[in-house]
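One-letter residues, chain by chain:
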Amino acid sequence: MKAVHFGAGNIGRGFVGLLLHEGGYELVFSDVADALVDAINATQSYTVREAGPGGVNRIVTGYRAVNSKTDPDAVADEVATADVVTCAVGPTVLRFIAPAIVAGLARRSPDLAPLKVMACENAIGATDQLRAEIEKLDPSVTDRAAFANTAVDRIVPAQPEGGGVDVTVEPYFEWAIESTPFAGDLPSIPGAHFVDDLGPYIERKLFTVNTGHAATAYFGAQAGHVRISDALADPSIVARVGAALEETSAVLSAVHGLDPAELAEYRATILERFRNPELVDTVQRVGRQPLRKLSRNERFIGPAVQAAERGLSTSALVAAVAAAVAFDDESDEQSVELQRMLRSEDADVLTATVTGLEPEHPLFDAVHEVFAARQEELRTL
Ligand SMILES: NC(=O)c1ccc[n+]([C@@H]2O[C@H](COP(=O)([O-])OP(=O)(O)OC[C@H]3O[C@@H](n4cnc5c(N)ncnc54)[C@H](O)[C@@H]3O)[C@@H](O)[C@H]2O)c1
Ligand SMILES: O=P(O)(O)OC[C@@H](O)[C@@H](O)[C@H](O)[C@H](O)CO
């Protein structure tokens, strides 16, 4: 059995690659970072170090890497004969990996079972997005694959420079995968759970883990913290993050019928994970790409839209949006673009373009106020 995984970064090596290896797949990483591809190919094994209570070291073997920038043809050949394709490249990169998958599917023998495709990004319907990119290029190849959405959860921070291919992760993980697209022929992924309806799983994860994480990062950055764990040592940040998560939990209960007591436990576990003193994670990584995080279906506006439409409270989520709008990291392209837009667009345009909210939406005015206030603040700086 062979799996091709696009994106040999933090979650690629520290989670998806590890579980595919443990599931018995020969593993082919595909990445565009030359030095990373070379480093992977220079090793026979790497260690996934689980830092924190109960963590152990896990060894990954039986892999190689192919450079999809310099050798796209070789990647397509690997895809053509693979059983599984996964990716963890970031939602904005899905369109760039689609051509290699299309080329691989076009070369695939009709005798082979459908290729199992699972995007492992923090986004609702990431595999659907990848499928749409593939269809745009060649609609005739999609019947050679089974596309399943997934929700992946494991915190894998940026790795220290010079650390090689090894990767430090938290001990916790969860991987929920839609089962129906596989028609009974499930991929071999130990520890993953297969579910008929992924909707509640991905929303619970994105609107709790990622809402809480991003809120911590943005409130933390505003207060001058560098590490996520330091931000959560500040009781006022804990209170604001907790309030935002109470609002998302109310939405999850109202929309998916999730049990409020179980959600309260889930929230507490997540905050403990963020506090893990053995995992060095930064507000810079967690806050990365604020324009993506402020978009319509993402971790703040997504649940706030659903809350506003049901007459539920949104003030704590809107406060987190205000902190996100102030996130100013000159090494992050989206943060630079956001700050440029704040200086040059009016608040109506900003609210509509950044969040996708229509002026008549019940959330619009509150978010508009956030953008206008930040613009006023920038004028006085
Ligand atoms: N790190 C985490 O804790 C975590 C957890 C769950 C989900 N995720 C999601 O996984 C995705 C990746 O996150 P990450 O933290 O591993 O980021 P990362 O930057 O560490 O890894 C992304 C990798 O993709 C590679 N890449 C970029 N363009 C590519 C292309 N065209 N073809 C092949 N490879 C390409 C990059 O070189 C990099 O190695 C994101 O969607 C993220 O939201 C991350
Ligand atoms: O990867 P992003 O940029 O969508 O979000 C940053 C972090 O919140 C995220 O990577 C978490 O560490 C991860 O989602 C935990 O499962």
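Computed from a predicted structure; not experimentally measured.

What follows is about the site of ligand 2. The environment of ligand 2 is formed by 14 residues, the closest being Asp153, Lys205, His213, Arg288 and Arg292. Contact between ligand 2 and Asn122: an oxygen atom at 2.8 Å from a side-chain N or O atom of the residue. One nitrogen or oxygen atom from the side chain of Asn210 is found 2.9 Å from an oxygen atom belonging to ligand 2. Relative to its unbound accessible surface of 400 Å², ligand 2 loses 94% to contact with the protein. Counting residues per element, the ones that place at least two in the shell around ligand 2 are β9 (150–153), α6 (199–222), α10 (283–286) and α11 (290–293). For the shell around ligand 2, the element with the most residues is α6, which contributes three residues.

For the rest of this paragraph, the subject is helix α14 (residues 333–344). Note on helix geometry: an α-helix contains 3.6 residues per turn, so any two residues three or four positions apart are oriented the same way. In this model, α14 (12 residues) spans 16 Å end to end at C-alpha, consistent with the 16 Å of a helix rising 1.5 Å per residue. Taken residue by residue, α14 has Gln334, Ser335, Leu338, Gln339, Met341 and Leu342 as its buried positions. On an axial view of α14, the arc spanned by its buried residues comes to 160°, and they lie on one face. Turned more than 90 degrees away from the buried face of α14, the exposed residues are Glu333 and Arg343. Those residues of α14 that are buried lie in contact with α11, α13 (315–325), α15 (347–355) and α16 (364–380).

Moving on, we come to the UniProt feature "binding site: NAD(+)" (unreviewed entry) in the chain. The UniProt feature table records "binding site: NAD(+)" (unreviewed entry) at Ala3, Val4, His5, Phe6, Gly7, Ala8, Gly9, Asn10, Ile11, Gly12, Arg13 and Gly14. Positionally, His5 belongs in strand β1 (residues 2–6). Leaving out residues up to four positions away in the same chain, His5 has contacts with Gly12, Val16, Leu27, Val28, Phe29, Ser30, Thr86, Cys87 and Ala88. Only 2.8 Å separates the side chain of His5 from the backbone oxygen of Gly7, close enough to count as a polar contact. Considering the arrangement of structural elements, one finds Phe6 in strand β1. In contact with Phe6, not counting residues within four places along its chain, are Ser30, Val75, Val79, Val85, Thr86, Cys87, Ala88, Val89, Ile97, Ala100 and Ile101.

The next thing to look at is helix α12 (residues 301–309). Counting buried residues along α12, eight of its nine residues qualify, which places the element largely inside the surrounding structure. Among the residues of α12, Ile301, Gly302, Pro303, Ala304, Val305, Gln306, Ala307 and Ala308 are the ones counted as buried. Those residues of α12 hidden inside the fold are in contact with α6, α8 (235–256), α13, α15 and α16. Positive phi shows up at Gly311, right after α12, with a value of about 75°.

As a volume, the second largest pocket reaches approximately 250 Å³. If you go around the second largest pocket, you meet 13 residues; those closest to its centre are Pro91, Ala123, Gln129, Ser295 and Glu298. Looking at the lining of the second largest pocket residue by residue, the classes come out as five nonpolar, four polar and four charged. Counting only domains with at least three residues in the lining of the second largest pocket, you end up with domain 1 (2–197) and domain 2 (200–380).

Around ligand 1 sit 26 residues in total, of which Asn10, Ile11, Asp31, Glu121 and Val156 are the nearest. Here an oxygen atom of ligand 1 sits 3.0 Å away from a polar atom, N or O, in the side chain of Asn122. Arg288 is positioned such that a nitrogen or oxygen atom in its side chain is 3.1 Å from an oxygen atom of ligand 1. Taken by itself ligand 1 offers 820 Å² of open surface, and the protein chains cover 84% of this.

Another point: the pairing of strand β7 (residues 115–119). Burial of β7 is extensive: five of the five residues sit out of reach of the surface. Every second residue of β7 is oriented toward a common face, with Leu115, Val117 and Ala119 on one face and Lys116 and Met118 on the other, all of them buried. In this region the chain leaves strand β6 (residues 84–87), passes through helix α4 (residues 94–107) and returns to the parallel neighbour β7; the handedness of that crossover is right-handed. Taken together, the three bridges between β7 and strand β8 (residues 145–147) define a ladder with parallel strand orientation. Directly across from Val117, in β8, lies its bridge partner Phe147. Handedness of the crossover is the feature at issue here: the chain leaves β7, passes through helix α5 (residues 126–137), returns alongside β8, and the resulting connection is right-handed.

Here is what the cut-offs are and how they apply
- Residues numbered from 1 in each chain as written.
- Chains lettered and ligands numbered in written order.
- Predicted model: local features only at pLDDT ≥ 70, side-chain atom pairs only at ≥ 80, totals over all residues.
- Heavy atoms only, no water.
- Near = heavy atom within 4 Å.
- Polar contact = N/O pair within 3.5 Å; in protein donor to acceptor, adjacent residues only side chain to side chain.
- Areas by Shrake-Rupley, 256 points an atom, 1.4 Å probe, with all protein chains shown as cover.
- Helix = DSSP H or I, 4+ residues; strand = E, 2+ residues; numbered from the N terminus.
- Expected span 1.5 Å × (residues − 1).
- Buried < 20%, exposed > 50% of the residue type's maximum accessible area, 1.4 Å probe, protein only.
- Arc of directions from axis to C-beta.
- Contact = heavy atoms within 4.5 Å.
- UniProt positions renumbered as here; feature names shortened; annotations may be inferred.
- 1 Å grid on protein atoms, 1.4 Å probe; cavity = no way out; pocket = protein on both sides within 12 Å on 5 of 7 lines; lining within 4 Å.
- Points joined across faces, edges and corners; volume = space filled by probe spheres on them.
- Nonpolar A, V, L, I, M, F, W, Y, C, P; charged D, E, K, R; others polar.
- Domains from an automatic or database assignment.
- Right-handed = clockwise from strand over helix to strand, strands pointing away.
- Pairing = 2+ DSSP bridges.

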